[in-house]
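Descriptive analysis of the structure
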There are 2 protein chains.
Amino acid sequence: MWSVDPRTGKRREQVAVEAGADDVDRAVRAAHATVGALADRTARARLLRTAAGLLDGARTEVVAAADAETALGEARLTGELARTTAQLRYFADIVDEAAFLDVRISRPDPSTTPPTPDLRRMKIPLGVVAVYAASNFPLAFSVPGGDTASALAAGCPVVVKAHPCHPATSELVAGLLRRAAAEAGLPEDVVVLLHGFRAGVDLVRHPLVAAAGFTGSVRGGRALFDAAAARPVPIPFHGELGSLNPVVITEAAAAARPEEIGAGLAASMTMGQGQFCTKPGFVLAPEGPGGDRFVAALADALKGVEPGVMLAPRMREHFLTATAEGTRTDGVDAPVRPAGAEPLTVTPGFLTIAADTLLDGDPHGLLQETFGPVTVVARYAKRDQVSAVLALVPGNLTATLQTADADDPDAPSLLAELTPLAGRILVDAWPTGVAVADAQHHGGPYPATTSPFTSVGGTAIERWLRPISYQSTPQPLLPPELRDANPLGVPQR
Amino acid sequence: MWSVDPRTGKRREQVAVEAGADDVDRAVRAAHATVGALADRTARARLLRTAAGLLDGARTEVVAAADAETALGEARLTGELARTTAQLRYFADIVDEAAFLDVRISRPDPSTTPPTPDLRRMKIPLGVVAVYAASNFPLAFSVPGGDTASALAAGCPVVVKAHPCHPATSELVAGLLRRAAAEAGLPEDVVVLLHGFRAGVDLVRHPLVAAAGFTGSVRGGRALFDAAAARPVPIPFHGELGSLNPVVITEAAAAARPEEIGAGLAASMTMGQGQFCTKPGFVLAPEGPGGDRFVAALADALKGVEPGVMLAPRMREHFLTATAEGTRTDGVDAPVRPAGAEPLTVTPGFLTIAADTLLDGDPHGLLQETFGPVTVVARYAKRDQVSAVLALVPGNLTATLQTADADDPDAPSLLAELTPLAGRILVDAWPTGVAVADAQHHGGPYPATTSPFTSVGGTAIERWLRPISYQSTPQPLLPPELRDANPLGVPQR
């Protein structure tokens, strides 16, 4: 695996070799051997906090490594590292709190049919988790990211398949995580790193892998999902595959604050060179003067954006091809045309089309996610065109409504129509920037995610656990969490 | 579809015709049209309680219909109906309590990276649920059973694929459920009934079906699971497929109370003619005098069991074939041979084998579930043979440990070995009889279930929900459950 400079397209150094079938087997077995050690919740919390400390301590080095491979820039990557270490500490707190064990105790009741015995339920870790790192977040959704943090918090060892966009960064931070394990008194193999496409496929098929977390494309994610489902023993595959993230601007919103919405959209869709999974990629805006002013404001804002480097030359090619393809649809205009600049940069842009044109089919993929700084603005003449177009939109991570105010007459019905389309609904806000919080939900109808779980926020830990009930079990034989004396002080219901 | 008398094998009456593709489409669309009406939680709770009342009121008729098609007997079916109606009322209470909405509110916090906005998360229904009824519980795991009750509680309309063993019972109780809907002020199509194998396959592939619940065989369940995973938009498939339900008897237990364990096992394995998904189908018992006394007690108890009728002549045939096949393994003995009696009955029995024989392979399926009143007793000479054999056992709903007492020296290590194998662990108890309780878990590693969820108990409702977060949404536009004023008084975290 070579580390490549996206600013020049040149190879920087060879970082590792692609793992073969034997390497994958060895990695999974090594990780599996740590299941017993990870059962110690105190050690898990210590591991997560130690890892956060080591990553913060290596900030300069980590940010430089990530910038050299992703061109995301020092400011963004410093923020991403802060988010990543805060997330590790957040999951350490969740481990300490122990509410995720979801302990429930049912006392004996001979009056029910059948009679209720003494039943005590808690959640236990599933086993080795395969994590597939994302291209666009070399830290927060990669080796030390949310999948790894939540899996370790749950008590599951992790085998990470590095993303080929940032192998050197992956090696660097995996080394820090393994050092953190040793410092926390745990085996280093609670985290194992692998490289290579074929290794990723072998990994999801390995009999000792119990679940998988994935962030990436529909094509790659679906192939791994299918492999996970086709195993002799199928396993849960929690994949985040793709999202258009529709935005609807009401008539009243376009009349009341078109410039603010145009500028807000421009900032959100260009953030990180438009390479966020929550980038607003499709906008329904009204025809008429308000909508025209919004389009003009969006154009103005985008014209001022400096050329930027995408994560990889291959992604830049795809961005330029896909946006050129989109303009081939009859009726598409490009007020600001997304373009490639020299040497390996792109400039943002957007396409416009009459909403009813989309009702006749979408031959050029305007209703599909395009990675990079572009969005599609569909202009609607009547309210019912919004409903008709939304019915064609696939599942999403987010859906956004831009209103005039809480009394906007179209807001209630549009919110009701957006709700089935996404896992997070925003009003008068923008979807990029996913807070790590208890009430977060980062997931949504397929292809946004392949399961109804979140990959961000406290409940992400639920993906790596299964319930177990103990019936009529004497107190000394029960796990301490389920005993009446509750020596560990976990929440019991 | 014909209703068949399992006591004679004769057709009783033609109940319905197999649904064609158009019928399935019509059924799903009709159910889908009720999603809006089911959003009213008060109406849902009323529906569940009204259904329970109507079923209780029709007890004589329902029990007679079910007995005519299953031969399970009046006592068992009266108990099953009581369990079913209690379960409907239990889920009505869960709807009222509203804890399943899992409301979480994160207040804005500008100090985090990225900043935390106002985020409010709750769970919403997935949509139409396909329910595949079980052969062995014509009520509690069929049309009015746990899948239907939990799905309706979640706000999901249900299309039930009737089991061919009891089409007339299915029609009768589906009629009562639909009448309950009308009396509760809801559309009757919140529950729609279909018949036919092909209809079951069409159902799981229908684009408007959002999730499925299944109780049945590994073969049928896996085919439907595969179809659910292969859809353009995959859906969650919660299937209960098969379970051996291993039992381990410690040396000390066999020495201390062999007769009690033998009699207990005989009662559990013959309950409902051995047609329970939790039937103990595999037992590890020590060699030596204690184990011998246990085997003798089991044989004595089984010899006293009257011949019984299985659910269908086809199942009886399979039982006789499979048990005859099992005895073909070298070293297998049958102290009481399972047998067919006239006209269409069977008598229970069990096979014995030396545990280490199983380590050389299992050509005749002794480590696979056999439906009907039979179990396999493997005699172990040394403690480590138990570990070696358990490593070959597939995933289970239950695993049972029979001990001498809480000080039994082998108990802690054996419990630790049984825990990864099952979803419910029992000590000095028997797995048949699954209480409907908050702390119940009826599920387990594949093939016990295809997902880490339970199909019995309060948390079964979690299968039919997905989380959604509202970000920066003005109070009047929020669902009432998420507002600060909390007008519905739901639990908020």
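Residues numbered from 1 in each chain as written. Chains lettered and ligands numbered in written order. Predicted model: local features only at pLDDT ≥ 70, side-chain atom pairs only at ≥ 80, totals over all residues.

Let's talk about the relation of the copies chain B and chain A
The line we're drawing: Superposing copies: least-squares fit, C-alpha atoms only, residues required to have pLDDT of at least 70 in both.
Under the fitted operation, chain B is carried onto chain A by 0.0 Å of movement along the axis and a turn of 180°, and the coordinates agree to an RMSD of 0.0 Å. Between the two chains, the operation in question is that of a two-fold axis. In terms of proximity to the rotation axis, the leading residue of chain B is Ala229 of chain B, whose C-alpha is 3.3 Å off the axis.

Topic: unusual backbone geometry
As a reminder of what qualifies: Strands here mean DSSP runs of E at least two residues long; helices mean DSSP runs of H or I at least four residues long; both are numbered from the N terminus. Partly exposed residues are those whose C-beta has more than 12 but fewer than 20 other C-beta atoms within 10 Å; 20 or more makes a residue buried and 12 or fewer makes it exposed, with C-beta atoms placed from the backbone.
Cis geometry marks the peptide bond from Thr113 of chain A to Pro114 of chain A, where omega comes out at -15°. Secondary-structure assignment places Pro114 of chain A in the loop between strand S3 (104-106) and strand S4 (119-125). The omega torsion of the bond from Glu342 of chain B to Pro343 of chain B falls at -5°, within 30 degrees of zero and hence cis. Along the polypeptide, Pro343 of chain B turns up in the loop between strand S14 (339-341) and strand S15 (345-347). A positive phi angle, close to 55°, is found at Gln273 of chain A, a residue other than glycine. Relative to the assigned elements, Gln273 of chain A resides in the loop between helix H11 (258-270) and strand S11 (282-286). Look at Gln273 of chain A and you get buried, because 28 C-beta atoms sit within 10 Å. Within the chain, Ser472 of chain A stands out as a residue other than glycine whose phi angle is a positive 55°. With respect to the helices and strands, Ser472 of chain A occurs in the segment after strand S20 (465-471).

Comments concerning the nonpolar core
For clarity, the threshold we go by: Each nonpolar core consists of buried Ala, Val, Leu, Ile, Met, Phe, Trp, Tyr and Cys residues. Their C-beta atoms, within 7 Å, join them into a set. Residue pairs are scored as contacts if the distance between their C-beta atoms, which are placed from the backbone, is within 7 Å.
Formed by 312 residues in total, the largest nonpolar core has its most connected members in Leu48 and Ala212 of chain A together with Leu48 and Ala212 of chain B. The residues touching Leu48 of chain A, leaving out its near neighbours within four places in the chain, are Leu88, Arg89, Phe91, Ala92, Val95, Ala149, Leu152 and Ala153 of chain A.

Observations concerning the interface of chain B and chain A
Convention followed: Polar here means any residue outside two lists: the nonpolar Ala, Val, Leu, Ile, Met, Phe, Trp, Tyr, Cys and Pro, and the charged Asp, Glu, Lys and Arg; Gly therefore counts as polar. Two strands qualify as a pair provided DSSP detects at least 2 bridges between them.
In this complex, chain B contributes 56 residues to the contact, which on the side of chain A involves 56 residues. Listing elements by their share of the side of chain B that touches chain A, those giving two or more residues are helix H5 (74-97), strand S3 (104-106), strand S4 (119-125), helix H9 (218-230), helix H16 (411-418), strand S19 (422-427) and strand S20 (465-471) of chain B. Of the residues forming the side of chain B that touches chain A, the biggest block, six residues, is contributed by S20 of chain B. When grouped by side-chain class, the residues that make up the side of chain B that touches chain A number 32 nonpolar, 16 polar and eight charged. One ladder, built from three bridges, connects strand S19 (residues 422-427) of chain A with S20 of chain B; its direction is parallel. Looking across to S20 of chain B, one finds that Ile425 of chain A is bridged to Tyr470 of chain B.

A word on the sheet that holds strand S16 (residues 349-354) of chain A
Quick reminder of the rule: Only C-alpha atoms enter the line fits that serve as axes; for helices the fit covers just the stretch in contact. Angles between N-to-C directions range over 0 to 180 degrees.
The strand order S13(A)-S16(A)-S17(A)-S11(A)-S10(A)-S18(A)-S19(A)-S20(B)-S4(B)-S3(B) describes an open sheet built from ten strands, whose pairing is mixed. This sheet does not close on itself; its edge strands, each paired only once, are strand S13 (333-336) of chain A together with S3 of chain B. If you compare each strand with its neighbour and ignore which way they point, the axes differ by 25° on average. Two strands pair when backbone bridges link them, and strand S18 (residues 396-402) of chain A and S19 of chain A are joined in this way by five bridges, in the parallel orientation.

Some points on the domain arrangement of chain A
Residues and elements named next belong to chain A. Using the following cut-off: Note that the domain bounds reflect an automated or database-derived domain assignment.
For chain A, the assigned domains are domain 1 (2-241 + 449-482) and domain 2 (246-427). If you average the C-alpha positions of domain 1 and of domain 2, the two centres end up 33 Å apart. Facing 13 residues of domain 1, the contacting portion of domain 2 comprises eleven residues. The residue makeup of the side of domain 1 that touches domain 2, split by class, is five nonpolar, five polar and three charged.

Looking at the sheet that holds strand S5 (residues 128-132) of chain A
Residue and element names in this part refer to chain A. Reading across the sheet, the five strands line up as S7-S6-S5-S8-S9 and stay open at both edges, with parallel pairing between neighbours. Looking at which strands have only one partner, the edges of the open sheet turn out to be strand S7 (191-194) and strand S9 (237-240). Mean inter-strand twist for the sheet, computed between neighbouring axes without regard to direction, equals 15°. As paired elements, strand S6 (residues 158-161) and S7 share four bridges and run parallel to each other. Residue pairing across strands places Lys161 opposite Leu194, the latter belonging to S7.

Looking at the environment of Ser150 of chain A
Structurally, the position occupied by Ser150 of chain A is in helix H6 (residues 146-154). In this structure the C-alpha to C-alpha distance between Ser150 of chain A and Leu54 of chain A, which are 96 residues apart in sequence, comes to 18 Å.

Looking at the packing of H11 of chain A against helix H12 (residues 289-303) of chain A
Residues and elements named next belong to chain A. Put simply, the rule is: What sets the label is the angle itself: under 35 degrees gives roughly parallel, over 145 gives roughly antiparallel, 65 to 115 gives roughly perpendicular, and the rest give oblique. Crossing handedness follows the turn of the near helix against the far one: under a right angle anticlockwise gives a left-handed crossing, and clockwise gives a right-handed one.
The N-to-C vectors of H11 and H12 enclose an angle of 40°; their axes lie 7 Å apart at closest approach. Considered as vectors, H11 and H12 are oriented oblique to each other. Of the two elements, H11 crosses H12, and the hand of that crossing is right-handed. Packed against H11, whose contacting residues are Pro258, Glu259, Ile261, Gly262, Ala263, Leu265 and Ala266, the element H12 presents Gly290, Arg293, Phe294, Ala297, Leu298, Ala301 and Leu302 at the interface. Split into classes, the residues belonging to the contact of H11 with H12 amount to ten nonpolar, two polar and two charged.

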